[in-house]
Amino acid sequence: MHIPDLKKARIRSDKKVLEKQIEYNYPASFLNKKYFLRTYGCQMNMHDSEEIRKYLELLGFQETTVLEESDLVVLNTCAIRENAHDKVFGYLGRCKHLKITKPDLIIALGGCMAQEQNVVKEIQEKHPYVDIVFGTHNISDLPKMLLEKKKSQEIEVYSIEGDIYEGIRYSRDSKICAWVNIMYGCDKFCTYCIVPYTRGKQRSRKLENIVNEVLELKKNGYKEVTLLGQNVNAYGKDLEENYNFKDLLEQVSKTGIERIRFVTSHPWDFTEEMIDCIRTHENIMPYIHLPLQSGSDRILKLMGRRYTKQEYLNLFKLIKEKIPNVSITTDIIVGFPNETEEDFLDTLDVVNTCQFDSAFTFIYSPREGTPASQIKDNVTMEEKESRLQRLNALVNDYSLKKNQLLVNKIVPVLILGENEKDKNKVYGYTDTMKLININGGKEFIGSIVPVKVLDAKSFSLDGEIVSEES
Ligand code: SAH
Ligand code: SF4
Ligand code: F3S
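These remarks concern the structure in this document. (Residues numbered from 1 in each chain as written. Chains lettered and ligands numbered in written order. Predicted model: local features only at pLDDT ≥ 70, side-chain atom pairs only at ≥ 80, totals over all residues. Heavy atoms only, no water.)

Looking at the sheet that holds strand S21 (residues 461–465)
- Around the barrel, which closes on itself, the five strands sit in the order S17-S18-S19-S21-S20 with mixed pairing between neighbours. Between one strand axis and the next, the sheet turns by 50° as a mean value, whatever way the strands run.
- Bridge count between strand S17 (residues 410–418) and strand S18 (residues 425–430): five bridges; the pairing is antiparallel. Of the residues in S18, the one forming a bridge with Gly-417 is Tyr-427. (Pairing = 2+ DSSP bridges. Helix = DSSP H or I, 4+ residues; strand = E, 2+ residues; numbered from the N terminus. Axes fitted to C-alpha atoms, helices over the stretch in contact; angles between N-to-C directions.)

Quick look at the packing of helix H8 (residues 272–280) against helix H10 (residues 309–322)
- Where H8 contacts H10, the axes come no closer than 10 Å and their chain directions differ by 25°. Considering the angle they form, H8 stands roughly parallel to H10. Relative to H10, H8 is oriented so that their crossing is right-handed. Across the interface between the two elements, Glu-272, Ile-275, Asp-276 and Arg-279 from H8 touch Leu-315, Leu-318, Ile-319 and Lys-322 from H10.
- Class assignment of the residues belonging to the contact of H8 with H10 gives a composition of four nonpolar, no polar and four charged. (Parallel < 35°, antiparallel > 145°, perpendicular 65-115°, else oblique. Left-handed = near helix turned anticlockwise from the far one by under 90°. Contact = heavy atoms within 4.5 Å. Nonpolar A, V, L, I, M, F, W, Y, C, P; charged D, E, K, R; others polar.)

Observations regarding the packing of aromatic side chains
- Taken as a whole and assessed by the stated rule, the structure comprises 13 aromatic pairs.
- Here the aromatic rings of Phe-189 and Tyr-197 are separated by 5.5 Å at their centres, their planes lie at 75°, and the arrangement is edge-to-face.
- Overall, Phe-189 belongs to the buried group, its relative accessible area being 17%.
- The class for Tyr-197 is buried, based on a relative accessible area of 5%.
- Aromatic side chains Tyr-235 and Tyr-243 sit 6.1 Å apart centroid to centroid with 5° between the ring planes, which places their arrangement in the stacked category. One exposure class covers both Tyr-235 and Tyr-243, and it is buried. (Phe/Tyr/Trp six-rings, centres within 6.5 Å; stacked < 30°, edge-to-face > 60°. Buried < 20%, exposed > 50% of the residue type's maximum accessible area, 1.4 Å probe, protein only.)

A closer look at the pattern of salt bridges
- In this structure the tally under the stated criterion is 37 salt bridges.
- Lys-309 is the partner of Asp-346 in a salt bridge, and the nearest nitrogen-oxygen pair spans 3.2 Å. Linking Asp-346 in helix H11 (residues 341–354) with Lys-309 in helix H10, this pair joins segments that are 37 residues apart in sequence.
- Note on Asp-346: relative accessible area 26%, which makes it partly exposed.
- With its nearest N and O atoms 2.8 Å apart, the salt bridge here joins Lys-434 to Asp-357. (Salt bridge = Lys/Arg side-chain N within 4 Å of Asp/Glu carboxyl O.)

Topic: H8
- Buried within H8 are the following residues: Met-274, Ile-275, Cys-277 and Ile-278. Mapping the buried residues of H8 onto a view down its axis gives an arc of 160°, with all of them on the same face.
- Looking at the packing, one finds that the buried side of H8 touches helix H7 (245–254), strand S13 (259–263), strand S14 (287–289) and H10. (Arc of directions from axis to C-beta.)

As for the sheet that holds strand S7 (residues 154–156)
- Strand order in the open sheet formed by six strands is S3-S2-S4-S5-S6-S7, and the pairing between neighbours is parallel. Of all strands in the sheet, those with a lone pairing partner are strand S3 (62–63) and S7, marking the two edges.
- In this sheet, strand S4 (residues 72–77) lies alongside strand S2 (residues 34–39) in parallel orientation, the contact comprising five bridges. Within S4, the position partnered with Leu-37 by the bridge is Val-74.
- Helix-sheet contacts for helix H2 (residues 82–101) involve S2, S4 and strand S5 (106–111), and the interaxial angle to S5 is about 165°.

Structure follows, in C-alpha cells:
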C-alpha cells in the first residue's frame, strides 16, 4: 500500500524526463460487466478519463450511464475547491447505498483527491467500502489492480511522479476534437492551489512525441487538437532540449491539422514570440484563456502569481493589438484571505478594462497543505458571496456585449454534433471558442463551415450556415 505525502511533491529535483511504454495485453476478464465512470474537474481529468475508459474496455467492460446498472464505479476526482470534494463524498454515499443491494460492486476512486493524504486517510477510516484508490501518477496501474483485486481495500497512490508514458491509448469522447497532453504537473505553486501537489512537478513530453500524436490524430480524421497543460507557456523548461512553447506551436501547426487550441496559459511565461506565432499561423485559433485571479497587486503577490496588475494589462493589450479578432477569457478568485474592498475594486477595474469574452469566477477555497490555507482570514463568507455576485453581473454583461458584436457577422464554425435538447439543431464552436447553435446542418458534422450569427446570449450564439464552402 502506497499513501501519498503532500510535502513530497516539492522535493523532486531531477530535471530528466524519461519515457516508458505501457503494456496493453490485458485479459478481457470482465466480459459482459458494466462500468460507470464519473469525471470531475478540468480537461486534464477528462482526458485522463479517456485513458481509464480505454483500460476498462480492454478488460472487457462496457460503459453504462446508469449507476445502478454498473458492476464497477470509477470516480475520477478533483480537489481544486472544497465543493469539488464535497460532491465526491456525496456521490460515494450513493455508491455505498448501492453496494448494500449489490455486494459485488467494485468502487474505485482516482484523480486529484486520491493524491491528498488526508483524503486517503478519511477513506481508509470512514469509507471501507471503497475497494480501490489510485492516483494521478499511476492511472495505468488500474487494470492490474482490478485484475488482482485483493479482498481488502487496495490503495496505490504515489506522491512522487514517475516517468512519462508514451504511446498511451485513449478511448476518446469525440472523433472530431482531441486533447493532447503536452506536459504534466505544475511548478508554479500559486499559494492557494493544490495542483502542484496532486499532479506533481512539471514534466514536458518530448516535442516529437507530441507532433507524432497530432499527426496520428489527423490521419484518423480529427479536425482539432487542444494542447493540454496547467501552464502551457512553460512547456519545455524542464527538458534538456532547447525548445519552448512557441517551437512546439510551430511544429504542431506544420502537421496541417485544421485547428489548434491550447490551455491554460500563464501570464508570467507568455512571450511576444508566442503571440507572433499564434498570429501568423492560420490553424492556431485566436483564443486565449489567460487567468487573472486578481487585479490587486497586493493579492497577486500573496497568491504568488509573479505578475502585477499593470503587467497583466500590458500583456493583454499586446495580445489584442497583435491578434485582431482574438477572444480572451479568464479565471478570477474573489475572497482570497483578507481581500479588502479596495483589492476587489482593482479586480473589477481589470474586468472593466479588459472586457473579457467570458470568465470563470470562484470564491477562494482553502486547500489543506497549501500556504494560503495558513493565513488567518477576516473576510466573511457573506462578503465573499456578495463580491462574487457583483463580479458575475459585470462579467456576464461583457460576455453578452462581446457576443452581440458578432451578430450579422460570418464566422467559421467547426460543427461537433446534434444539440442534445433540440435534435433539429447542431452545435459547434467558432474559431474564437464561442458555442453556437445552428438550425439543421447535420450533414456538416465534423466540418468547418461559415455561419452567420443571428442572435447572441451571454453564453452562446445562434446562427445559420451560409454556404457549403469552408
Ligand atoms: N493552471 C491554471 C488553472 C488551474 S485551476 C492556471 O494557473 O491558471 C483552475 C482555476 O481554479 C484557477 O485558475 C483558479 O482560478 C481556480 N482555483 C484554483 N485553486 C483555487 C482555490 N483554492 N480556491 C478557489 N479557486 C481556485
Ligand atoms: Fe495552480 Fe498556479 Fe499551477 Fe495554475 S499555475 S495549476 S493556479 S499552481
Ligand atoms: Fe481539479 Fe486536479 Fe484538474 S484538482 S482542476 S482535476 S488538475
